[in-house]
Amino acid sequence: TDDELVFLSSTTLTTSDDIYYVDWSPNGNYVALSGSTNCSIYVYKLNGTSFNQVIELDVGIGTARQVKWSPDGRHIAFCRVLSSTDNNDLMIYQFNNDSLIEVDTVNLGTSPDYLFSVDWSPNGNYIALAGAELESPDANELKIYSFDGNSLSHITSYNTQSLLCVSWNPDSKYLIAGEFDGSAPYKAHLFYFDGSTITSKYEFVKDGTVSDIRWDS
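Figured I'd write up the structure that's included with this text.

Reading guide: rules and limits
- Residues numbered from 1 in each chain as written.
- Predicted model: local features only at pLDDT ≥ 70, side-chain atom pairs only at ≥ 80, totals over all residues.
- Heavy atoms only, no water.
- Helix = DSSP H or I, 4+ residues; strand = E, 2+ residues; numbered from the N terminus.
- Buried < 20%, exposed > 50% of the residue type's maximum accessible area, 1.4 Å probe, protein only.
- Areas by Shrake-Rupley, 256 points an atom, 1.4 Å probe, with all protein chains shown as cover.
- Pairing = 2+ DSSP bridges.
- Axes fitted to C-alpha atoms, helices over the stretch in contact; angles between N-to-C directions.
- Phe/Tyr/Trp six-rings, centres within 6.5 Å; stacked < 30°, edge-to-face > 60°.
- Salt bridge = Lys/Arg side-chain N within 4 Å of Asp/Glu carboxyl O.

## With respect to the overall build of the protein chain
Regarding its fold elements, the protein chain presents zero helices and 16 strands. Residue burial in the protein chain is summarised as follows: out of 217 residues, 46% are buried. Total accessible area computed for the protein chain in this model is approximately 10,900 Å², and 45% of it derives from carbon and sulfur atoms.

Following this line, the structure appears as structure tokens:
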């Protein structure tokens, strides 16, 4: 029935990897997972009520973080932290049903040193990244990169509180982000993006840590 949650299926991964993040493809046919221990991307296809693995890609050194499908389902954004330097990489892969091809990689440096959230703008032109600079609390940044189908370019950054989540609104002009650092009450921040700069517009006070946040469609 419409008001009942029914368990359909589970699958046992063919790896001992720790799975950090999971994301559905926009068409609902695939699930992407990031494996932290082996720094890998896994893609599973939904067949009825069961999953079959179609891709296992070893990205190389580092620890896997976020994995996020582009709105058109043609690309996957993937983040990793290089343990030796604490630098973060943002990597874009082209999805070809049974393979992933690296399109571009940019090094984000060490700010933020903990990258917690990645989100594509609904128009597919931008990627927002949010996290925390635990060693330098005043150096937290919300970053935005553009993607033209072939390469990433840094557009702007905004200095803010430690952020745990970020989400674009449907018209790709506003972002809302939740903070978690410091002490309660915590805040959800509303930002406006005009294509080149980020402007803070409003703050919502919350009693607890804002661990996830979404716009309605």
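## A closer look at the sheet that holds strand 11 (residues 141–147)
Read from one edge of the open sheet, four strands run 9-10-11-12, paired in antiparallel fashion. Both outer strands of the open sheet, strand 9 (114–120) and strand 12 (152–159), are each paired with one neighbouring strand and no more. Going from strand to strand, the sheet's axes swing by 20 degrees on average, the running direction of each strand aside. When strand 9 meets strand 10 (residues 126–132), the two strands line up antiparallel, connected through six bridges. If you follow Tyr-114 over to strand 10, its bridge partner there is Ala-132.

## Description of unusual backbone geometry
The backbone of Asn-97 sits at a positive phi, close to 70 degrees, despite the residue not being glycine. By the element assignment, Asn-97 lies in the loop between strand 7 (87–95) and strand 8 (100–109). Positive phi is not limited to glycine here, since Ser-172 has a value of about 65 degrees. Note on placement: Ser-172 falls in the loop between strand 13 (163–168) and strand 14 (174–179). Ser-172 sits in the buried class, given a relative accessible area of 6%.

## Topic: the packing of aromatic side chains
Taken as a whole and assessed by the stated rule, the structure comprises ten aromatic pairs. Between Tyr-126 and Trp-168, the aromatic rings sit 6.2 Å apart at their centres with planes inclined by 25 degrees, giving stacked as the arrangement. Placement of the pair is Tyr-126 in strand 10 and Trp-168 in strand 13, with a sequence separation of 42 residues. Like Trp-168, Tyr-126 is buried. Three or more aromatic residues joined by ring pairs form one cluster here, namely Tyr-30, Trp-69 and Phe-95.

## Here we look at the pattern of salt bridges
Counted by the stated rule, this structure contains three salt bridges. The salt bridge involving Lys-68 is made with Asp-119; its shortest N-O contact spans 3.7 Å. Of this pair, Lys-68 sits in strand 5 (residues 63–69) while Asp-119 sits in strand 9, and the two are 51 residues apart along the sequence. The class for Lys-68 is buried, based on a relative accessible area of 18%.

## A look at the pairing of strand 11
Counting buried positions along strand 11 yields six of seven residues, so the element is predominantly enclosed. Note: strand 11 against strand 12, seven bridges, orientation antiparallel. Each residue of the ladder has a partner; that of Ile-144, found in strand 12, is Thr-156. Where strand 11 folds back on strand 12, the antiparallel hairpin that results is connected by four residues, among which Gly-149 adopts a positive phi of roughly 100 degrees.

Keep in mind these numbers describe shape, not what the thing actually does.
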